[in-house]
Each structure stands twice: as structure tokens, then as C-alpha cells.
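Inside the fold
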Amino acid sequence: DGGITQSPKYLFRKEGQNVTLSCEQNLNHDAMYWYRQDPGQGLRLIYYSQIVNDFQKGDIAEGYSVSREKKESFPLTVTSAQKNPTAFYLCASSMGVPSYNEQFFGPGTRLTVL
Amino acid sequence: KNEVEQSPQNLTAQEGEFITINCSYSVGISALHWLQQHPGGGIVSLFMLSSGKKKHGRLIATINIQEKHSSLHITASHPRDSAVYICAAPYGGSQGNLIFGKGTKLSVKP
């Protein structure tokens, strides 16, 4: 079955620790995205990658880092510089730009920083 | 400012009722996306449309490009339709990344 997997579903970390969220897709999609969702707000774009070995900052990239070494994988690191990291994180992928392509979403990771 | 506005924020309906959720956007777009977020958090793409109307089962999405407005309709609503419905529009540039509405939380009572 093709799809996007994110792990873990729930993640707890102490303040000041870096944490890496996993995102893997087997849809053969070129583009991958990381979004953050907070209560009462729309999804906000953290980083995106249109192709392997290339990625761009989204609207709220501060305190986050990514890598795209393989087409299938787009891990997100939440660093200690992120001031309010507790949120729901969603990974997505698409064949190409969202103007013309449907986005497919993973199940999400709920990060709680204690 | 590029914005996507949804209404209503919350909607409660009785099973069988006809549901309408509205979405207005401020930028010229090539396509609008409707998404469904289940209580567990997972998001499913329902529609991507650039003109007219699309139908899938009991779900119908319409868009009026001139008025920058789209609607999502659910006919014969069922408790399993209870979810958050989100519209999203590309906000321009070569990447066409999406800007998302805050969502409409629908609860359908049996």
C-alpha cells in the first residue's frame, strides 16, 4: 500500500532537547512538506522540498531544520531554539507544486515538550 | 495579505441534514483544495478543483473563481461525517504553496 508514514505518533521531550520527527513516503512523489498545526489555527508551512538534496524555508522555519538525502525521506528536527515546540506536526507529499497537484498527508506526530 | 476564510467555525447537524461549509480566499488561484481531518488528526484530501463543481459520493464541492468563493456540501449527513473540514489555496509564486483556512468542525448527531 502506498502512503506516508510518520513516527512516532506521540513524542515527549524535555525542554532544551533536540528531537527528530520521521517522515517516509513510498508514493514516488518529488515534493514533500512539513506543517505545524496549533489549536484554532490553520496549518502553517515549516519547510518544503521540491526535489532531493534541496529544500526551502516555509513561513515558520525558525527553530527547525530538515534534510532531504533520499526521495522517500524528509525528517524534521525541532531544535532547542524553537520557542514553543509543543504542537501537532504533519508531513505531506505531492507529485509537484500544490497549485496543480493533490497533497497526501501522513498521520501526524503530536510533540509535547515538558 | 493572502487569506483563506472559512465559515462557520463550528457546525452541529442532525443525521440526514444537508450541510454547507463556505470558503473565501483573497488571492487569484489555480486550484482550491478541500481536506478532511479526522478526530485522530489524520488528513485526507477530498477535492482539488479549479472551476465548476466536483462530486464524490455524498460530497459536492463548487467554486466560483470570479467571486473567490468555494462551498463544500454534504448531502444526507451521517455521524461518520463528523470531522474538521479545511480549505486551502495556493498563494502564488512558482511553488504555489498552500495557505490553509482554520477549519470548520462538523458534528453530526444521530
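Everything discussed here concerns the structure shown above.
A short tour of the structure in this document, coming up. Along each chain, the written sequence defines residue order, and numbers are assigned to residues from 1. Numbering of ligands from 1 and lettering of chains from A proceed in the order in which they are written. In view of the model being predicted, local features appear only for residues whose pLDDT reaches at least 70, and side-chain atom pairs are presented and counted only at 80 or more, with totals across whole chains, interfaces and linings using the full set of residues. Neither water nor hydrogens contribute to the side-chain values; these are computed over all heavy atoms in the structure.

**As for the overall build of chain B**
- Secondary structure is summarised from DSSP: a helix means a run of H or I of at least four residues, a strand means a run of E of at least two, and numbering begins at the N terminus for each. On a plain count of helices and strands, chain B comes out with 0 helices and 11 strands.
- Beginning at the N terminus, the succession of helices and strands in chain B can be written as β-β-β-β-β-β-β-β-β-β-β.
- The globule rule is 2.2 Å times the number of residues to the power 0.38, and the radius of gyration it is compared with is taken over C-alpha atoms. Relative to the globule expectation of 13 Å for 110 residues, the C-alpha radius of gyration of chain B, 13 Å, shows essentially globular dimensions.
- Principal-axis analysis of the C-alpha atoms gives chain B an extent of 45 × 30 × 20 Å.
- Exposed residues in this analysis have more than 50% of their type's maximum accessible area, buried residues have under 20%, and partly exposed residues fall in between, with area computed by a 1.4 Å probe over protein chains only. Residues classed as buried in chain B amount to 44% of the 110 residues present.
- Summarising the internal contacts of chain B: among those between residues at least 6 apart in sequence, 52% fall at separations of at least 24.
- Computed with the Shrake-Rupley method and a 1.4 Å probe, the accessible areas treat only the protein chains shown as cover for residues. Accessible surface for chain B amounts to roughly 5,200 Å². Of this, 50% is attributable to carbon and sulfur atoms. In what follows, a contact means two residues having at least one pair of non-hydrogen atoms within 4.5 Å.

**Quick notes on a nonpolar patch on the surface**
Residue and element names in this part refer to chain A.
- On the surface, a nonpolar cluster with roughly 380 Å² of combined accessible area is contributed by Tyr10, Phe12 and Leu114.
- Residue placement: Leu114 occurs in the segment after β11 (109-113).
- You can call Leu114 exposed: its relative accessible area is 62%. Exposure above 30% relative accessible area and the lack of any salt bridge qualify a residue for a patch; like charges then connect within 9 Å, and the nonpolar side chains Val, Leu, Ile, Met, Phe, Trp and Tyr within 5 Å. By convention in these notes, a salt bridge is any Lys or Arg side-chain nitrogen within 4 Å of a carboxyl oxygen on Asp or Glu.

**Here we look at the pairing of strand β11 (residues 104-109) of chain B**
All names here are of chain B.
- What you see with β11 is a clean split: Thr104, Leu106 and Val108 sit on the buried side and Lys105, Ser107 and Lys109 on the side with no burial.
- The criterion for strand pairing is that DSSP finds at least two bridges linking the strands in question. Sheet topology note: the strand β2 (residues 10-14)/β11 ladder contains 5 bridges and is parallel. What sits directly across from Thr12, in β11, is Ser107.
- Sheet topology places strand β9 (residues 83-90) next to β11; 3 bridges connect them, and they run antiparallel. Each bridged residue has a counterpart across the sheet, and for Ala83 the counterpart in β11 is Leu106.

**Re the sheet that holds strand β1 (residues 4-7) of chain A**
Residues and elements named next belong to chain A.
- Spatial strand order, β1-β3-β8-β7: 4 strands in an open sheet with antiparallel pairing. Pairing within the sheet leaves two strands with one partner each, and these edge strands are β1 and β7 (64-66). This sheet shows a mean twist of 20° between the axes of neighbouring strands, independent of strand direction. The axes used here are C-alpha line fits, helices contributing only the stretch in contact, and every angle between their N-to-C directions lies in the interval 0 to 180 degrees.

**Remarks on the environment of Asn64(B)**
Residues and elements named next belong to chain B.
- Along the polypeptide, Asn64 turns up in strand β7 (residues 59-64).
- Exposure remark for Asn64: the relative accessible area of 29% places this residue in the partly exposed category.
- The sequence separation of Asn64 and Lys53 amounts to 11 residues, and the corresponding C-alpha distance is 9.2 Å.
- Each residue touching Asn64, except ones within four places of it in the same chain, is listed here: Tyr25 and His69.

Honestly, that's just the spatial picture; any functional story needs more than this.
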